[in-house]
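A closer look at the structure
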Amino acid sequence: MRQTWRWFGPKDLTSIDDITQAGAAGVVSALHHVPNGLVWTPEEIAKRHGEIALRRDGSPSGLTWDVVESLPVSEDIKKQKGNWRAHIDNYKVSMKHLAASGIETICYNFMPVLDWTRTDLRWTVANGGSCMRFDINDFAAFDIHILQRPGAAADFTNAIADEAARRFEAMDDDQKKQLARNVTMGLPGSTESMTLEDVQAHLDEYGAISREQLRAHFVDFLEEVVPVAEELGLRLCCHPDDPPFSLLGLPRIMSTEADYKYILEAVDSPANGMTLCSGSLGARPDNDLPGMMERFGPKVHFLHLRNVKRDNDDIAGSFFEAEHLGGDTDMVALIAAILTEERRRKAEGRRDWEIPMRPDHGQDILDDLGRRSQPGYPTIGRMKGLAELRGVMTALEHAEWGLRSN
């Protein structure tokens, strides 16, 4: 696996110097300052390449921009409203500019409204560190009592709705505002939250769009952009829903193995692939991560390796961001499946046999505590995760070499 690191740009508290010291070989980044739907220009793309290539003192970092995460799919495209056709055209132009700069892998998602959802961004764990958490009861309190979405209570069990009411009554005004800010944090790479009015306006826009209709819109999008990606030698890889179940009455279409099978077969191309995020998919007990890696291996173009610990085995349940080897996903089995797929690709002669991965998310520990970094992206916590993953990779590779030698 090619070890990479997500970097949000010059304002990121983690510097290029930090990334080189962590031992990563490549960088995952995006032009978060460019509004969704607009073209990424060659000048802005070149500028980001240049920022990644240099340390603070101006010396070469040795790092390359390996993966774009994300080239956003606008809400207009997802809903097929407004300027959606122009946005698809702009998406194709941005792809051409990225390919011309040497980029080969583009991660994106097709989640409506919110890219990820958590109820607590600094939840204290047993060792005194903190992490992000999704609590289904707190989320229900937000949905039913703060956002007051019509019909929200019917989307939860009676037990969850009752507990949500109890928690809401126990909150003071500041706690209610904090919960709303956490849930509506918005896009990774941004420190801005959407207002409740913004969220409700988006929900109203989605209105009658069913799961089947959103899926059809996704296929329409892929039929437009995948042939261009294939021509340019790009690999597109869709990130799963986070969490992988319906929220706010919105449809979710990339939450399960069946969802990926449908989309990958609907537009069958080497350019149409998967971002296997073990944390997002691992929040559902019915997702078999090592098995998915085995079955989708040839189409897995990018890896997010992180772990979550579920409170129970409910499909839509609570979870927190665990240590990379400490959650419900068997990370050793998953990495073994990844290494097996890489060996298969190498024997096949595939140029992209080495799959880029990054240690996704991490707990705030040590000096990260109090730094107020991008939620989920502390420097030390991710470096600890990368070290753990690197150790598993090295041990499995040595075990395989030992077996071959014997």
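What you see is a predicted model, and the numbers here were worked out from it, not measured in a lab. (Residues numbered from 1 in each chain as written. Predicted model: local features only at pLDDT ≥ 70, side-chain atom pairs only at ≥ 80, totals over all residues. Heavy atoms only, no water.)

This part is about the state of the cysteines. Evaluation of the coordinates by the stated rule reveals zero disulfides. Take Cys-131: it sits in no disulfide, and the sulfur closest to it among the cysteines is that of Cys-277, at 15 Å. In this structure Cys-277 is not part of a disulfide, and its nearest cysteine sulfur, from Cys-107, lies 8.8 Å away. Judged by relative accessible area, Cys-277 falls into the buried class, the value being 0%. (Disulfide = S-S within 2.5 Å. Buried < 20%, exposed > 50% of the residue type's maximum accessible area, 1.4 Å probe, protein only.)

So, on to helix H5 (residues 136–146). Residue pairs three or four apart in sequence face the same way in an α-helix, which turns once every 3.6 residues. The buried fraction of H5 is high, at 10 of 11 residues. Considered for burial, the residues of H5 that qualify are Ile-136, Asn-137, Asp-138, Phe-139, Ala-140, Ala-141, Phe-142, Asp-143, Ile-144 and Ile-146. Packing partners of the buried residues in H5 comprise strand S6 (130–134), helix H6 (158–170), helix H7 (173–183) and helix H8 (196–206). The N-capping residue of H5, defined by a side-chain oxygen 2.9 Å from the backbone nitrogen of Asn-137, is Asp-135. (Helix = DSSP H or I, 4+ residues; strand = E, 2+ residues; numbered from the N terminus. Contact = heavy atoms within 4.5 Å. Polar contact = N/O pair within 3.5 Å; in protein donor to acceptor, adjacent residues only side chain to side chain.)

Moving on to unusual backbone geometry. A cis geometry characterises the amide bond from Glu-69 onward to Ser-70, with omega recorded as 0 degrees. Structurally, the position occupied by Ser-70 is in the loop between strand S3 (64–69) and helix H3 (75–79). Each neighbour pair has its own omega, and for Asp-242 with Pro-243 the value is 0 degrees, a cis peptide bond. Here Pro-243 is to be found in the loop between strand S7 (235–239) and helix H10 (257–266). Positive phi, normally seen in glycine, also occurs at Val-113, with a value near 70 degrees. Along the chain, Val-113 turns up in the loop between strand S4 (105–109) and strand S5 (120–124). Positioned with a positive phi, Leu-366 is a non-glycine residue whose angle comes to about 50 degrees. Assignment of secondary structure puts Leu-366 in the loop between strand S12 (356–359) and helix H14 (379–405).

Below, the discussion takes up the packing of aromatic side chains. Evaluation of the coordinates by the stated rule reveals 13 aromatic pairs. Look at Phe-134 and Phe-319: their rings are 5.7 Å apart centre to centre, the planes differ by 20 degrees, and that puts the pair in the stacked class. Here Phe-134 is found in strand S6, whereas its partner Phe-319 is found in strand S11 (residues 319–322), with 185 residues between them in sequence. The class of Phe-134 is buried, set by a relative accessible area of 0%. An angle of 55 degrees between the planes, with centres 6.4 Å apart, marks the rings of Tyr-260 and Phe-296 as tilted. With Tyr-260 in helix H10 and Phe-296 in helix H12 (residues 289–296), this pair connects stretches of sequence that are 36 residues apart. Pair check on accessibility: Tyr-260 and Phe-296 agree, each one buried. Among the aromatic residues, those joined into a cluster by ring pairs are Phe-134, Phe-139, Phe-142, Phe-156, Phe-245 and Phe-319. Over the face of the ring belonging to Phe-168 we find Lys-176, whose NZ or CZ atom lies 4.2 Å from the ring centre. (Phe/Tyr/Trp six-rings, centres within 6.5 Å; stacked < 30°, edge-to-face > 60°. Lys NZ or Arg CZ within 6 Å of the ring centre and 35° of its normal.)

Shape descriptors only; they carry no functional weight alone.
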